[in-house]
Amino acid sequence: MRSSTPWTLADLPDLSGKRALVTGVTAGLGTSTALELARAGAEVVLVARSPEKLARTARDLQDELPDAVLHSVRVDLADLTSVRRGAAEAAELGPLDLLINNAGVMALPYARTVDGFEMQLGTNHLGPFLLTGLLLPQVVASGNGRIVSVGSHAHRIARRVPLDDPRTQTRRYSKWGSYGESKLADLMFIHELERRLRAADLPVTAQAAHPGYTATELVGKSGGLGGRFMAAATRVIGQRAELGALPTLMAATADLPGASYVGPGGPGQMGGLPVVVKPRRRFVNDAAALTALWELSERATGISYP
């Protein structure tokens with residue numbers, strides 16, 4: 001597939017016999033991603049924080065696709081104990097062909113996770129880092145697994161790699177700056193993970209995607225007048241979640257080189273059908289920064305990847 005070739009749902013292959021895990025399935029991108037994977041025949045492990053919303057989403061998907069094979073696993077990515085418990089439950093299901101780290105938070109007022117991390121870095125990067133490491137043996141066991149992290153075009157606003165102690169706030173907090181750094185960390189994680197997978201000769205590839213400007217529940221949760229204005233504007237000009245999920249589905253199933261980055265092909269990568277796009281290369285090509293972020297993430301989460 002050429003990087004300039006737009007991808008549509010017609011390109012989604014038959015996924016019968018495959019098992020996929022998707023985080024953040026109770027709204028927007030996650031719901032659409034899980035729905036289309038199940039429609040293509042995959043057995044889908046639904047992962048979310050709220051048990052009530054998780055149960056409702058499972059019912060809705062089952063109503064839409066009565067023959068779908070679905071499992072529900074509660075995981076709060078802002079709580080490493082919850083991540084470990086949920087990963088153990090998901091691992092009991094057997095090999096994973098697809099692991100899609102979709103869940104996240106955006107531009108929140110300053111807060112900390114259960115483990116004391118700044119909330120956006122903890123939820124968007126450290127929680128998924130731990131979940132991926134714990135489930136990596138299941139992805140390897142599939143024989144041809146794929147790991148996808150859903151990033152954001154906002155990684156371009158990050159001015160630095162988040163290498164400070166994630167439990168210590170030494171700088172003035174910027175909700176958008178911290179969001180951009182957390183999404184930069186997601187993208188750097190995929191690049192370093194892909195390098196390590198190739199070095200270990202494991203049958204897994206790592207990919208990244210971003211949804212462009214999509215109307216989801218995340219928009220507007222930053223609070224204040226700005227958040228309300230952004231939510232209103234997004235409802236008018238943002239693309240539907242069904243379209244925003246296409247880059248993730250392409251990254252999860254298309255024949256692509258490892259560490260590809262998929263996003264909308266329209267102007268400014270804000271909307272349109274997905275194609276392979278270019279990330280901000282200043283940091284993803286910095287081997288020292290990639291290694292430093294990886295080591296920081298291992299120390300913070302207490303995992304050493306197998």
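Rules used in this analysis
- Residues numbered from 1 in each chain as written.
- Predicted model: local features only at pLDDT ≥ 70, side-chain atom pairs only at ≥ 80, totals over all residues.
- Heavy atoms only, no water.
- Pairing = 2+ DSSP bridges.
- Helix = DSSP H or I, 4+ residues; strand = E, 2+ residues; numbered from the N terminus.
- Axes fitted to C-alpha atoms, helices over the stretch in contact; angles between N-to-C directions.
- Contact = heavy atoms within 4.5 Å.
- Phe/Tyr/Trp six-rings, centres within 6.5 Å; stacked < 30°, edge-to-face > 60°.
- Buried < 20%, exposed > 50% of the residue type's maximum accessible area, 1.4 Å probe, protein only.
- Parallel < 35°, antiparallel > 145°, perpendicular 65-115°, else oblique.
- Nonpolar A, V, L, I, M, F, W, Y, C, P; charged D, E, K, R; others polar.
- Polar contact = N/O pair within 3.5 Å; in protein donor to acceptor, adjacent residues only side chain to side chain.
- Salt bridge = Lys/Arg side-chain N within 4 Å of Asp/Glu carboxyl O.

Engineer: Mind showing me how you'd approach the pairing of strand β3 (residues 70-74) here?
Structural biologist: The side chains of a regular strand alternate between both faces of the sheet. Where strand β2 (residues 43-48) lies against β3, 5 bridges are found, and the strand directions are parallel. Its bridge partner lying in β3, Leu 46 is registered against Ser 72.

Engineer: What am I meant to see in the sheet that holds β3 here?
Structural biologist: Across a sheet, strands are paired by hydrogen bonds formed along the backbone, either parallel or antiparallel in direction. Reading across from one edge, β3-β2-β1-β4-β5-β6-β7-β8 is the order of the 8 strands in this open sheet, with mixed pairing throughout. With partners counted over all chains shown, the strands left at the sheet margins are β3 and β8 (274-276), one partner each. Neighbour-to-neighbour, the strand axes of this sheet turn through a mean angle of 20°, independent of strand direction. The strands touched by helix α3 (residues 80-91) are β1 (19-23) and β3; relative to β3, the strand with the most contacts, the crossing angle is about 160°.

Engineer: When you look at the packing of aromatic side chains in this model, what are you seeing that I'm missing?
Structural biologist: Working definition: an aromatic ring pair is given by the centre-to-centre distance plus the angle between the planes. Scanning the model with the defined rule gives 7 aromatic pairs in all. Seen from their ring centres, Phe 129 and Tyr 305 are 4.9 Å apart, and the 50° between their planes marks the pair as tilted. Here Phe 129 is found in helix α4 (residues 119-141), whereas its partner Tyr 305 is found in the segment after α10 (287-301), with 176 residues between them in sequence. The pair formed by Phe 129 and Tyr 305 is uniform in burial state, with each residue classed as buried.

Engineer: Before we go on, may I ask you to explain the packing of α4 against α10 in this structure?
Structural biologist: A pair of packed helices is captured by two measures, namely the crossing angle of their axes and the spacing between those axes. Their axes nearest at 10 Å, the elements α4 and α10 cross at an angle of 75°. Taken as axis vectors, α4 and α10 run roughly perpendicular relative to one another. Packed against α4, whose contacting residues are His 125, Leu 126, Phe 129 and Leu 130, the element α10 presents Leu 293, Trp 294, Ser 297, Glu 298, Ala 300 and Thr 301 at the interface. Taken together, the residues of the contact of α4 with α10 sort by class into 6 nonpolar, 3 polar and 1 charged.

Engineer: Sorry, what's going on with the side chain of Glu 192 here?
Structural biologist: Mapping Glu 192 onto the fold places it in helix α5 (residues 175-199). Within the structure, Glu 192 has its side chain in polar contact with the side chain of Arg 195 (distance 2.7 Å). Contacts of Glu 192, omitting those with residues within four sequence positions, involve Leu 290, Thr 291 and Trp 294.

Engineer: Would you mind showing me how to read the pattern of salt bridges here?
Structural biologist: In a structure, side chains of opposite charge can pair up when their charged atoms sit close to one another. For the coordinates displayed, the defined rule picks out 12 salt bridges. Here Glu 43 ties to Arg 19 by a salt bridge, and the two come within 3.1 Å at their closest N and O atoms. Highlighted residues: Glu 43 in strand β2 and Arg 19 in strand β1, separated in sequence by 24 residues. Note on accessibility: Glu 43 and Arg 19 belong to one class, buried. In this structure, Asp 186 engages Lys 183 in a salt bridge whose closest nitrogen and oxygen atoms are separated by 3.2 Å. With a gap of 3 residues between them, Asp 186 and Lys 183 both fall in helix α5, about one helical turn apart. The two residues Asp 186 and Lys 183 agree in class, both being buried.

Engineer: Whenever I open this one, the environment of Pro 267 confuses me. Can you help?
Structural biologist: As for its position among the elements, Pro 267 is in the loop between β7 (261-264) and β8. When the C-alpha positions of Pro 267 and Thr 214 are compared, they lie 14 Å apart, and in sequence the two are 53 residues distant.

Treat this as a map of the structure, not an account of what it does.
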